[in-house]
Amino acid sequence: AQSGAAALLPEELRAQSISNLAHAWPALDESLRALAALDPKAATGMVASLPTTGPLLLTGVAAFLSTLFGGRLHPFFAESQRALERHGQLALSQRLGGDAGELMRIAGDPAGGEWRAAFVPVLDQGVLSQVRLYLHGPRQPKNGKEKPAGTRFLVEAELTRLGALQIDGLVHASRFDLIIRTTRALDAELQSD
């Protein structure tokens, strides 16, 4: 039995959530720590390229997703990889590049038909965490009379206070449907908000 946010996923997406990178990105975490000790300027550049919590979180996530779905994630970390190599950390640089390649493969290889997955690293006060995003593009109608069903998305995160959280949305041309699932009951005030 699966626990946490993975238990909230539809069956067709569970295979992608099994990927090691769906829950942590050890090479990125190690790279951040190594560069902080070896090359603070490169570490600052790497931190600046990652989404961080706060007012610019959505902008950072959008930029990361753009590079990921655009197949340009390797250049996103190229300077960090070169800095690691300059300081004799070739194996770590290669692991970081390998993880970037794996993330791009997962993002470009729809599971269960048309779902695409993105595992987005987020820095929260210097601690690396992750948000998982699953996208299902607009379905084409089976006949010319039906309207497209819209774009569906799932966002998963493990939150300190709320536990596993999943936001399930469906965006239509003129409507937005949203479901929030948790493994713990939300208090009444939060529900009404």
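One structure accompanies this document, and this report is about it. What you see is a predicted model, and the numbers here were worked out from it, not measured in a lab. (Residues numbered from 1 in each chain as written. Predicted model: local features only at pLDDT ≥ 70, side-chain atom pairs only at ≥ 80, totals over all residues. Heavy atoms only, no water.)

Side note on the overall build of the protein
As a reminder, the rule being used: To qualify as a helix, a DSSP run of H or I must reach at least 4 residues; to qualify as a strand, a run of E must reach at least 2; elements of each kind are numbered from the N terminus. A 1.4 Å probe rolled over the protein chains alone gives each residue an accessible area, and that area as a share of the maximum for its type sets the label: buried under 20%, exposed over 50%, partly exposed in between. Contact definition: two residues touch when any of their heavy atoms are within 4.5 Å. Using a 1.4 Å probe, accessible areas were evaluated by the Shrake-Rupley method; residue-level cover was limited to the displayed protein chains.
Tallying secondary structure elements over the protein gives seven helices and five strands in all. The linear arrangement of helices and strands in the protein, starting from the amino end, is α-α-α-α-α-α-β-β-β-β-β-α. A burial count over the protein gives 37% of its 193 residues as buried. For the protein, contacts bridging at least 24 residues in sequence account for 49% of all contacts bridging at least 6. Accessible surface, the protein as shown: approximately 11000 Å² in total, 56% of it carbon and sulfur.

Here's the deal with the layout of surface pockets
Applied cut-off: In this analysis the probe radius is 1.4 Å and the grid spacing 1 Å, with only protein atoms considered; a cavity is a set of points the probe fits into but cannot get out of, a pocket is an open set with protein on both sides within 12 Å along at least five of seven lines, and lining residues have an atom within 4 Å of a point. Grid points are joined across faces, edges and corners, and a volume is the space filled by probe spheres set on the points. In this count, Pro and Cys sit with the nonpolar residues alongside Ala, Val, Leu, Ile, Met, Phe, Trp and Tyr, while Asp, Glu, Lys and Arg are called charged and the others, Gly among them, polar.
Quantified by volume, the largest pocket comes out at close to 630 Å³. Elements that contribute at least two residues to the lining of the largest pocket include exactly α4 (57-69), β1 (115-124), β2 (127-136) and β3 (151-159). Here the residues of the lining of the largest pocket sort into 14 nonpolar, five polar and three charged.

Regarding the pattern of salt bridges
Here is the rule we go by: A pair is scored as a salt bridge if a Lys or Arg side-chain nitrogen falls within 4 Å of a carboxyl oxygen belonging to Asp or Glu.
Evaluation of the coordinates by the stated rule reveals 10 salt bridges. With a shortest N-O distance of 3.5 Å, R86 and D39 are connected by a salt bridge. Placement of R86 in helix α5 (residues 73-86) and of D39 in the loop between α2 (26-38) and α3 (40-49) is noted, with a sequence separation of 47 residues between them. For the salt bridge of R86 with E79, the shortest nitrogen-to-oxygen distance reads 3.5 Å. Of the residues examined, R86 reaches a relative accessible area of 52% and is grouped as exposed. Assessed through its relative accessible area of 41%, E79 is described here as partly exposed. Beyond isolated ion pairs, a larger network of salt bridges with shared partners links D39, E79, R82 and R86.

Examining α3
Note that an α-helix has 3.6 residues per turn; residues three or four places apart therefore point the same way. As a reminder of what qualifies: Note that the arc is defined by the directions from the helix axis to the C-beta atoms.
Of the residues making up α3, those classed as buried are A42, A43 and M46. An end-on view of α3 places all buried positions within 100 degrees of arc, on one side of the element. Away from its buried face by more than 90 degrees, α3 exposes P40, K41, T44 and A48. Each element contacted by the buried residues of α3 is listed here: α2, α5 and α6 (90-108).

With respect to unusual backbone geometry
The phi dihedral of Q125 is positive, around 55 degrees, even though this residue is not glycine. Examined against the element boundaries, Q125 turns out to sit in the loop between β1 and β2.

Section: α2
Rules: Expected span, for any helix, means 1.5 Å times one less than how many residues it has.
With 13 residues, α2 should reach 18 Å at 1.5 Å per residue; the first-to-last C-alpha distance of 18 Å fits that figure. Within α2 the residues assigned to the buried category are A27, L28, S31, L32, A34 and L35. Of the surrounding secondary structure, the elements contacted by the buried residues of α2 are α3, α5, α6, β1 and β2.

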